[in-house]
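# Commentary on secondary and tertiary structure
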Amino acid sequence: MAESDATLTPAESGDGAARVAVLLPLGLDTAYDYLVGDGEAAPPGAFVRVPLGSREVTGVVWGTVEDGAAGGVAPEKLKQIAAVLPVPALPESLRRLVDWVAEYTLAKRGAVLRMAMSVPAALEPAKTRAAYLASGEVPERLTPARRRVLDLLADGLPRGAMELAREAAISAGVVRTLADSGALMRVSLPAERSPEMPDWSLPRATLSADQRAAADALAARVADAAFSVTLLDGVTGSGKTEVYFEAVAAALEAERQVLVMLPEIALGAQWLERFRARFGAAPALWHSELGQRARRETWRAVANGAARIVVGARSALWLPFAELGLLVVDEEHDGAFKQEDGVIYHARDMAVMRARMAGCALVLSSATPSLETLANVRSGRYQSLNLPDRHGGAQLPDIETVDMRRTPPPRGAWISPPLREALADSFAAGQQAVLFLNRRGYAPLTLCRACGHRMQCPNCTAWLVAHRFSDSLNCHHCGYRQSPPETCPECQVTGRMAACGPGVERVAEEAAALFPEARSEIVTSDTVAGPGQAAEFIARIEKREIDLLIGTQIIAKGHHFPLLTLVGVIDADLGLAGGDLRAAERTHQLLHQVAGRAGRARHAGRVLLQTYMPEHPVMAALSSGARDAFLKREAEARESHGQPPAGRLAAIILSGRHEASVAGTARALARIARGALPKEGGIEVWGPAPAPLALLRGRYRYRLLIKCARSQLPQPWLRHWLARLDAPSRVSLRVDVDPYSFL
Ligand code: ADP
Ligand code: ZN
């Protein structure tokens, strides 16, 4: 735990040079001691430049070190801090989060800190630009051009030379002459744009009684200015966004900063529009597609308090908010909040810790809350608010299953007769429809009809996915690409290679053949690359330029299209294969979410789920609307198997280019673990086993799974075992605490 900010500054701490521990954003766990120069102050959180070997790096003062502290290095051996950077300190709540996340995920503290220092350029001195003010002196010769400049500056606002030249229609030479003559005064202004200021006091929507009650409760949590977690559980279209906007308004009014996390910020165009309508300004944005300049400006604006609200992806959790008053995690159940590479963490869970460290309110919003969150509600750790009805009297869509055994599509086709009819009805009524299939490309598999050979990625345990638009076979794991072969690479027979199974491109082809008049569009991460393209898409849907959307999960999220009345799910069973412990829960969430796009306004919505198992509990829950009964059963099943959220899991994934050494190391680790299990039991070790993705990007992979009761923590055991393992350097090892992917 970091020391408090109230420690004496080193300059005041008496004789001799003061020492501080500095954490560096490198793959290191320990903070290094440095001396602070005479008269210099380096309080905890200060960003400092320090020598490290032959180079100089930027780190953060993590704490002060008492003279003669045990294990300390002799002062004469220590190096001195080179510079304390003139930027706001890393807030204590964020330093404590770094420590906590490192402890929980077993990541190196430096690696976690690196996420909070992702914009090194933001720590450099802010750039300034030259601007001019009228000095009050009048030049000897007042030409019309010079007069125009002075007239323009009469309002007292400084302007740059280019701006003056443009606005006064003069050449830049005139500005220079005026400055030389003393009629203009040169001042320097920050070169960076500052964020727009949201206005919380603008008129709000008239809330329904349920919405009002929920909004008031959330605003009260914000006013408490203490740690709390509240689940906002409301059906799709119930106005959850509208409701938590009231909490945002309360936080802004209280002069606190706000962070809203969305799972897929690239698709947040409608959200941004609504925010602007409510608060008269755009929030600051944070996601991976931002350019360097925007990153630098936003990071700095958050640190110095100029940015009052940020909406961002999971990485926004690591921004240096010093005055956080509210955190919102929208679509809290979404898997996109789990980061699977680098430091492996769940941004929703870490948001809970950030709110705890910052002492502020957290809102988790969802129409299909995760079992983890519901368990916390049940145990009383989280509060819960419910919005049972759609806004404005809109009805929830009618969800029906289409039994693919009874009414199958024609051979080689994927749209069943009932779905075809529903589409025809929808187009005839001038309404819009969605066909949902969570599979990019044209076909998930290409095989040889002569010998049965299947086209596989050379680097991964995965079939190559056929893409028609790019005319290639692609690996979705490693990016490998090749052109589709005419001749089977195995049996050399030509002309028998065939695409098997549907992807969205293939469904689009079929839909175009059935409804040549319908204007359709494919929406996947291949066709919608960034926020700009997403916004354009959304605008075209809103303007009714598209009748039919065919897409993957990215169309399932958040959108509100009043004319969209029909959702057809091509393969509702898709997510249930594979049998991972959350398969049913996740399929239910995803299908519920995509179904929730239908009939959100005046027109009733209809959802058709094409399935081979209409009696499956997920399909039954969706078509009967019995969400809570389904979740209760799921929770009970997990409980009886000691699975999350009733128990805890951690995975260890070993990988390397040499299969035998990976397997050998995995076995050695399992032996160590089994040899050191607690006598009283309660912790189980499963495996090692080759991962389902046994080969990924050319690396062989083995997995171990550790399972223990909720009341225990696996981390101390993991540390204990790993410390005893002598792993060869060519085998790398990753720990995934609370795994969501089992591939
Ligand atoms: P959810 O997030 O629960 O799916 P939204 O917040 O997106 O629901 O609301 C659905 C639609 O209803 C949006 O277009 C929203 O602007 C509108 N809406 C919700 N509540 C109100 C309200 N009280 N007054 C006006 N419009 C509302
Ligand atoms: Zn691959």
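Everything discussed here concerns the structure shown above.
Please read these numbers as outputs of a predicted model, since none were measured by experiment. Position numbers for residues count from 1 along each chain, tracking the sequence in the order it is written. The lettering of chains begins at A and the numbering of ligands begins at 1, in the order of writing. Local features in a predicted model are, by the rule used here, given only for residues with pLDDT of at least 70; side-chain atom pairs are given and counted only at 80 or more, and totals for whole chains, interfaces and linings are based on all residues. As a rule here, side-chain values cover all heavy atoms of the structure and leave hydrogens and water aside.

## Brief notes about the coordination of the zinc ion (ligand 2)
In this description, a donor is an N, O or S atom within 2.8 Å of the metal centre, a cutoff extended to 3.2 Å for sodium, potassium and calcium. Water is not part of the atom list, which can make sites seem incomplete. Distances from the zinc ion (ligand 2) to its protein donors, namely Cys457 (SG), Cys460 (SG), Cys475 (SG) and Cys478 (SG), fall within the range 2.3 Å. The site at the zinc ion (ligand 2) holds four donor atoms, and with the angles between them running 105 to 116°, its shape is tetrahedral. Spacing between the donor residues of the zinc ion (ligand 2) along the chain follows C-x2-C-x14-C-x2-C. Taken together, the positions of Cys457 in the loop between β19 (445-448) and β20 (465-467) and Cys475 in the loop between β21 (472-474) and β22 (481-482) put the pair 18 residues apart, joining distant regions of the chain. Just as Cys457 is buried, Cys475 falls in that class too. Any coordination sphere not matching a tetrahedral pattern (four donors, all angles between 85 and 135 degrees) or a square planar or octahedral pattern (four or six donors, opposite donors over 155 degrees apart, other angles between 65 and 115) is reported as irregular. Secondary structure elements are taken from DSSP: a helix is a run of H or I of four residues or more, a strand is a run of E of two residues or more, and numbering for both begins at the N terminus. Each residue's exposure class comes from its accessible area (1.4 Å probe, protein chains only) as a fraction of the maximum for that residue type: buried when under 20%, exposed when over 50%, partly exposed otherwise.

## Focus on empty space enclosed by the protein
Note on definitions: the grid is 1 Å and covers protein atoms alone; a cavity is a set of points where a 1.4 Å probe fits but cannot get out; a pocket is an open set with protein on both sides within 12 Å along at least five of seven lines; lining residues have an atom within 4 Å of a point. Grid points are joined across faces, edges and corners, and a volume is the space filled by probe spheres set on the points. All told, the structure shown has two cavities of 30 Å³ or more when counted by the stated rule. Space inside the largest cavity adds up to approximately 100 Å³. Together, 14 residues line the largest cavity, and Val523, Ile538, Ile541, Ile555 and His559 are the ones closest to its centre. No other element matches the four residues that helix α14 (residues 531-542) contributes to the lining of the largest cavity. Here the lining of the largest cavity is composed, by residue class, of twelve nonpolar, one polar and one charged. In this model, the second largest cavity occupies a volume close to 30 Å³. Considering the residues around the second largest cavity, the lining is formed by Tyr104, Thr105, Lys338, Ile344, Tyr345, His346, Asp349, Met350, Val737 and Asp738. Of all the secondary-structure elements, those providing two or more residues to the lining of the second largest cavity are α1 (92-105), β14 (345-346) and α10 (347-358). For this scheme, ten residues count as nonpolar: Ala, Val, Leu, Ile, Met, Phe, Trp, Tyr, Cys and Pro. Four count as charged, namely Asp, Glu, Lys and Arg, and the remainder, Gly too, count as polar.

## A look at the sheet that holds strand β8 (residues 228-234)
Hydrogen bonding along the main chain pairs the strands of a sheet, whether they run parallel or antiparallel. Overall, parallel pairing links the seven strands, which are arranged β10-β11-β9-β12-β15-β8-β16 in an open sheet. Among the strands making up the open sheet, the edge pair consists of β10 (284-286) and β16 (383-387). Pairwise comparison of adjacent strand axes, ignoring direction, gives a mean angle of 20° for this sheet. Pairing between strands requires that DSSP locate at least two bridges from one strand to the other. In terms of strand pairing, strand β9 (residues 257-261) meets strand β11 (residues 309-312) through four bridges, oriented parallel. The residue bridging Val258 from the neighbouring strand is Ile309, located in β11. Where helix α6 (residues 209-224) meets the sheet, its contacts fall on β8, β12 (324-330), β15 (361-366) and β16, and the angle it forms with β16 comes to roughly 155°. Contact between two residues is taken to exist if any of their heavy atoms lie within 4.5 Å; hydrogens are not considered. To obtain an axis, a line is fitted to C-alpha atoms, over the contacting stretch when the element is a helix, and the angle between two such axes runs from 0 to 180 degrees between their N-to-C directions. With respect to the sheet, helix α8 (residues 269-279) is in contact with β9, β10, β11 and β12, its orientation differing from that of β11 by roughly 165°.

## As for the packing of aromatic side chains
Within 6.5 Å between ring centres, the rings of Phe, Tyr and Trp (the latter by its six-membered ring) count as paired, and their orientation is classed by plane angle as stacked under 30 degrees, edge-to-face over 60, tilted in between. Summed over all chains, the structure comprises ten aromatic pairs. Centroid distance Phe245 to Phe275: 5.8 Å. Interplanar angle 85°. Geometry classified as edge-to-face. Taken together, the positions of Phe245 in helix α7 (residues 240-253) and Phe275 in helix α8 put the pair 30 residues apart, joining distant regions of the chain. Take Phe245 and Phe275: they sit in the same class, and that class is buried. Among the aromatic residues, those joined into a ring-pair cluster are Tyr244, Phe245, Trp271, Phe275 and Phe279. The ring of Phe279 carries the charged tip of Arg278 above its face, separated from the ring centre by 4.7 Å. We count a charge as sitting over a ring when the NZ of a lysine or the CZ of an arginine lies within 6 Å of the ring centre and within 35 degrees of the ring normal.

## Description of the site of ligand 1
By convention in this text, a residue qualifies as near a molecule or strand provided that one of its non-hydrogen atoms is within 4 Å of it. Taken together, 16 residues are adjacent to ligand 1, and Thr206, Gln211, Gly237, Lys240 and Arg274 come closest. The Shrake-Rupley method, run with a 1.4 Å probe sphere, supplies the accessible areas, and residue values consider only the shown protein chains as cover. Against a free-state accessible area of 550 Å², the protein chains account for coverage of 81% of ligand 1. In terms of residues, the shell around ligand 1 owes the most to one element, α7, which gives three residues. Of the residues assigned to the shell around ligand 1, the class counts are three nonpolar, nine polar and four charged.

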